[in-house]
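# A closer look at the structure
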Amino acid sequence: MRLSSAGSGTVARSPVHHPLFARYYARLSVGAETRLGMAGIRERLLAGLSGRVIEIGAGNGLNFGHYPAAVAEVVAIEPEPLLRKLALESALRVPVPVDVVPGVAEALPVKSEAFDAAVLSLVLCSVRDVTRALGEVRRVLRPGGEVRFFEHGRGGGRMMVLTQRTLDRTLWPAMSGGCHLARDPVAGLRDAGFELGPQRRVLLPERGPRLPTSYCALGTAWRPGEPAGRRP
Ligand SMILES: C[S@@+](CC[C@H](N)C(=O)[O-])C[C@H]1O[C@@H](n2cnc3c(N)ncnc32)[C@H](O)[C@@H]1O
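Now for a look at the structure at hand. (Residues numbered from 1 in each chain as written. Predicted model: local features only at pLDDT ≥ 70, side-chain atom pairs only at ≥ 80, totals over all residues. Heavy atoms only, no water.)

## What about the site of the ligand?
- With respect to spatial proximity, 18 residues lie near the ligand, and among them Tyr25, Gly57, Glu78, Ala105 and Ser121 are the closest.
- Take Gly59: an N or O atom from its main chain is 3.4 Å from an oxygen atom of the ligand.
- Residue Glu106 places a side-chain N or O atom 2.9 Å away from a nitrogen atom belonging to the ligand.
- Protein burial of the ligand: of its 590 Å² of free accessible surface, 96% is covered by the chains. (Near = heavy atom within 4 Å. Polar contact = N/O pair within 3.5 Å; in protein donor to acceptor, adjacent residues only side chain to side chain. Areas by Shrake-Rupley, 256 points an atom, 1.4 Å probe, with all protein chains shown as cover.)

What follows is the structure in structure tokens.
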């Protein structure tokens, strides 16, 4: 879904348009690199990747500087216009070639089986349809291709989950660019047919108060299709 001229002569609106959230996220996320240790998490998320990579919902491009030199090309999909502009600026500052492309996870504008790896970082909370989005990730990965994910989701016990669900039904998605707090990204990957690899729970922030956004998973999954012995 690219921004395109409609037949009427007007310009079609991006399918994801959250100008206030985009401005807020652009500022908050840069601070979180050091304050919440996000830079270190991004480094771990992307370590060891190589070949052609697709990043879904790249935001303002904070992952770009962490791709290893063995990555030949990153196609970074970002639907939100302001965040995409910032991602384009970020792409110009990094050594690995990054092509920033408009589009949504539910209809990726790329060919099937074209990528060695897909990166999902804080995006499954925000897509409109997780099942379709992960179906698309499967389609565009080659057999045996790898998913690297860092996602927040449901966690923290009964009261916290109740709080997450209540916020999801009320204020949170409208305030936070469509984000949901009580999704289960790891179960989503399994249900979509990915084989789960190593993963670890991460609390954000690591110390201090637990927030509805604190419960994160950092890990790896594979599109089935390659014998397990050939994996790194
Ligand atoms: C919390 S931000 C995370 C940005 C970035 N991945 C990061 O790690 O900082 C969520 C991102 O998902 C994008 N997004 C929202 N809905 C999407 C969709 N349907 N398809 C792809 N990206 C989407 C938003 O525009 C935003 O850039």
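Moving on, there is more to tell.
## Observations concerning the environment of Val202
- Note on placement: Val202 falls in strand S6 (residues 195-203).
- Val202 sits in the buried class, given a relative accessible area of 11%.
- With 16 residues separating them in the primary sequence, Val202 and Leu218 have C-alpha atoms 6.8 Å apart.
- Sequence-distant contacts of Val202, that is, excluding residues within four places in its chain, are made with Ile41, Phe150, Ser214, Tyr215, Cys216 and Leu218. (Helix = DSSP H or I, 4+ residues; strand = E, 2+ residues; numbered from the N terminus. Buried < 20%, exposed > 50% of the residue type's maximum accessible area, 1.4 Å probe, protein only. Contact = heavy atoms within 4.5 Å.)

## Comments concerning the pairing of strand S5 (residues 141-152)
- The buried count for S5 comes to 10 of 12 residues, which makes it a mostly enclosed element.
- Where strand S4 (residues 115-121) lies against S5, 6 bridges are found, and the strand directions are parallel. Directly across from Leu120, in S5, lies its bridge partner Phe149.
- With helix H4 (residues 130-140) bridging S4 and its parallel neighbour S5, the resulting β-α-β unit is right-handed.
- Inspection of the sheet shows S5 paired to strand S7 (residues 215-222) by 7 bridges, in the antiparallel sense. Counted as the bridge partner of Phe150 is Leu218 from S7. (Pairing = 2+ DSSP bridges. Right-handed = clockwise from strand over helix to strand, strands pointing away.)

## Structural notes on the side chain of Thr220
- Tracing the sequence through the fold places Thr220 in strand S7.
- Residue classification places Thr220 among the buried positions, given a relative accessible area of 13%.
- Ignoring anything within four residues of it in the chain, the contact list for Thr220 reads Glu146, Val147, Arg148, Phe149, Leu196, Gly197 and Pro198.

## Examining the sheet that holds S6
- Read across the open sheet, the 7 strands follow the order S3-S2-S1-S4-S5-S7-S6; overall the sheet is mixed. Each having just a single partner strand, strand S3 (98-101) and S6 make up the two edges of the open sheet. Neighbour-to-neighbour, the strand axes of this sheet turn through a mean angle of 15 degrees, independent of strand direction.
- For strand S1 (residues 51-56) and strand S2 (residues 71-77), the ladder comprises 6 bridges, and the chain directions are parallel. Residue pairing across strands places Gly51 opposite Val71, the latter belonging to S2. (Axes fitted to C-alpha atoms, helices over the stretch in contact; angles between N-to-C directions.)

## Details of helix H3 (residues 81-92)
- Relative to the 16 Å expected for 12 residues at 1.5 Å per residue, H3 spans 17 Å between its end C-alpha atoms, a close match to the ideal helical length.
- All of the buried residues in H3 are Leu83, Arg84, Ala87, Ser90 and Ala91. Looking straight down H3, one finds its buried side chains confined to an arc of 115 degrees; they lie on one side.
- N-cap assignment for H3: the residue whose side-chain oxygen lies 2.9 Å from the backbone N of Leu82 is Glu80. (Expected span 1.5 Å × (residues − 1). Arc of directions from axis to C-beta.)

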